Amino acid sequence: MKFSISYPLVLLFVIVGLHFVANATWLYETEIVWFDNILHALAGIAFGLLWLWVREKKDPRVPLVFRAISTIVFVFGIALLWELLEFLFLNLFPSYAYYFHLHSPSMREATLDVLSNMMGALALVLWVLWVGKRNAAATTPTYRINRIKHDKICKTRPLCNHQ
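All of these numbers come straight from a predicted model, not from anything done at the bench.

As a further point, take the nonpolar core. Among the nonpolar cores identified, the biggest contains nine residues, and these are L11, I15, A22, L27, Y28, F35, L39, A43 and A46. Mapped by element, the contributors of at least two residues to this core are α1 (6-24) and α2 (35-58). A per-element tally of this core places α2 first, with four residues. Here A46 is in contact with P8, L11, L12 and I15, once residues within four sequence places are set aside.

Given below as structure tokens:
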């Protein structure tokens, strides 16, 4: 699978934009408490895509399963680091942390944020594994032989629409 750096960068830009829209509209103060979890899940996907892009650039021959496992570990590490930075930001600059909503008010909230990141990473990894398995099946010798036979049959029939 080919990964582009533009996908995670655009997704991170959208996440930051949605975060500031939520701040401007007081969305975090309403009963839509799950909005933060969606942003964290999207961040898990974005950082997972970023890691997959880095892994592909470094060594594209790494097995897909290893890339999937390392993506989960990477996103978990980034999620923990982010929550630690939010905690430090809250203790060092509390007025800014509250103003920009860059803090977790409780350990429960921080845990839910990390779990949301992991759910996004897991969804990404399952999708990558599914697409990777499907692509691998399409490149097996049996598939190619059947495709060649099919193409030869279609060339002899002018109205073959099974292409």
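Further remarks concern the layout of surface pockets. Computed from the structure, the largest pocket encloses a volume of approximately 670 Å³. H19, Y28, D36, H40 and E86 are, among the 27 residues lining the largest pocket, the residues nearest its centre. Of all the secondary-structure elements, those providing two or more residues to the lining of the largest pocket are α1, α2, α3 (64-92) and α5 (107-138). Of the residues belonging to the lining of the largest pocket, the class tally is 16 nonpolar, six polar and five charged.

Below, the discussion takes up unusual backbone geometry. Here the phi dihedral of W26 falls at roughly 60 degrees; this positive angle occurs in a residue that is not glycine. Within the secondary structure, W26 is located in the loop between α1 and α2.

Moving on: α2. Here α2 is 24 residues long and its end C-alpha atoms lie 35 Å apart, about the 34 Å a rise of 1.5 Å per residue gives. Burial in α2 covers these residues: F35, D36, L39, H40, A43, G44, A46, G48, L49, L52, R55 and E56.

Let's shift gears to the pattern of salt bridges. Counted under the stated rule, the structure contains one salt bridge. Put simply, R61 and D59 hold a salt bridge, and the shortest N to O gap is 3.2 Å.

Two quantities define a packed helix pair, namely the angle between the helix axes and the distance between the axes. It is at 8 Å that the axes of α1 and α2 come closest, and there the two elements cross at 160 degrees. Looking at the two axes, α1 sits roughly antiparallel to α2. As α1 runs across α2, the sense of the crossing is left-handed. Across the interface between the two elements, Y7, P8, L11, L12, I15, L18, H19 and A22 from α1 touch F35, L39, L42, A43, I45, A46, F47, L49 and L50 from α2.

Moving on, we come to the packing of aromatic side chains. According to the stated counting rule, one finds four aromatic pairs in the structure shown. When the ring of W51 is compared with that of F74, the centres are 4.6 Å apart and the planes differ by 20 degrees; the resulting orientation is stacked. Here F74 lies in helix α3 and W51 lies in helix α2, a separation of 23 residues in the sequence. Look at F74 and you get partly exposed, because its relative accessible area is 23%. Seen in terms of ring centroids, F89 and F93 are 5.8 Å apart; in terms of plane orientation they differ by 50 degrees. Their pairing is tilted. On the basis of relative accessible area, F93 is assigned to the partly exposed category, the value being 42%. Through a chain of ring-to-ring contacts, three or more aromatic side chains come together here, namely F20, Y99 and F100.

Before going further, it helps to examine a nonpolar patch on the surface. A surface patch of nonpolar side chains, amounting to about 820 Å² of accessible area, comprises L81, L84, L85, F87, L88, L92, F93 and Y96. Looking at which element gives the most residues to the nonpolar patch, the answer is α3, with six residues. Checked against the element boundaries, L85 lands in helix α3. Using a relative accessible area of 44% as the deciding quantity, one classes L85 as partly exposed.

Thresholds, definitions, all that
Residues numbered from 1 in each chain as written. Predicted model: local features only at pLDDT ≥ 70, side-chain atom pairs only at ≥ 80, totals over all residues. Heavy atoms only, no water. Core = buried A, V, L, I, M, F, W, Y, C linked by side-chain atoms within 4.5 Å. Buried < 20%, exposed > 50% of the residue type's maximum accessible area, 1.4 Å probe, protein only. Helix = DSSP H or I, 4+ residues; strand = E, 2+ residues; numbered from the N terminus. Contact = heavy atoms within 4.5 Å. 1 Å grid on protein atoms, 1.4 Å probe; cavity = no way out; pocket = protein on both sides within 12 Å on 5 of 7 lines; lining within 4 Å. Points joined across faces, edges and corners; volume = space filled by probe spheres on them. Nonpolar A, V, L, I, M, F, W, Y, C, P; charged D, E, K, R; others polar. Expected span 1.5 Å × (residues − 1). Salt bridge = Lys/Arg side-chain N within 4 Å of Asp/Glu carboxyl O. Axes fitted to C-alpha atoms, helices over the stretch in contact; angles between N-to-C directions. Parallel < 35°, antiparallel > 145°, perpendicular 65-115°, else oblique. Left-handed = near helix turned anticlockwise from the far one by under 90°. Phe/Tyr/Trp six-rings, centres within 6.5 Å; stacked < 30°, edge-to-face > 60°. Patch = residues over 30% accessible without salt bridge, like charges linked within 9 Å, V, L, I, M, F, W, Y side chains within 5 Å. Areas by Shrake-Rupley, 256 points an atom, 1.4 Å probe, with all protein chains shown as cover.

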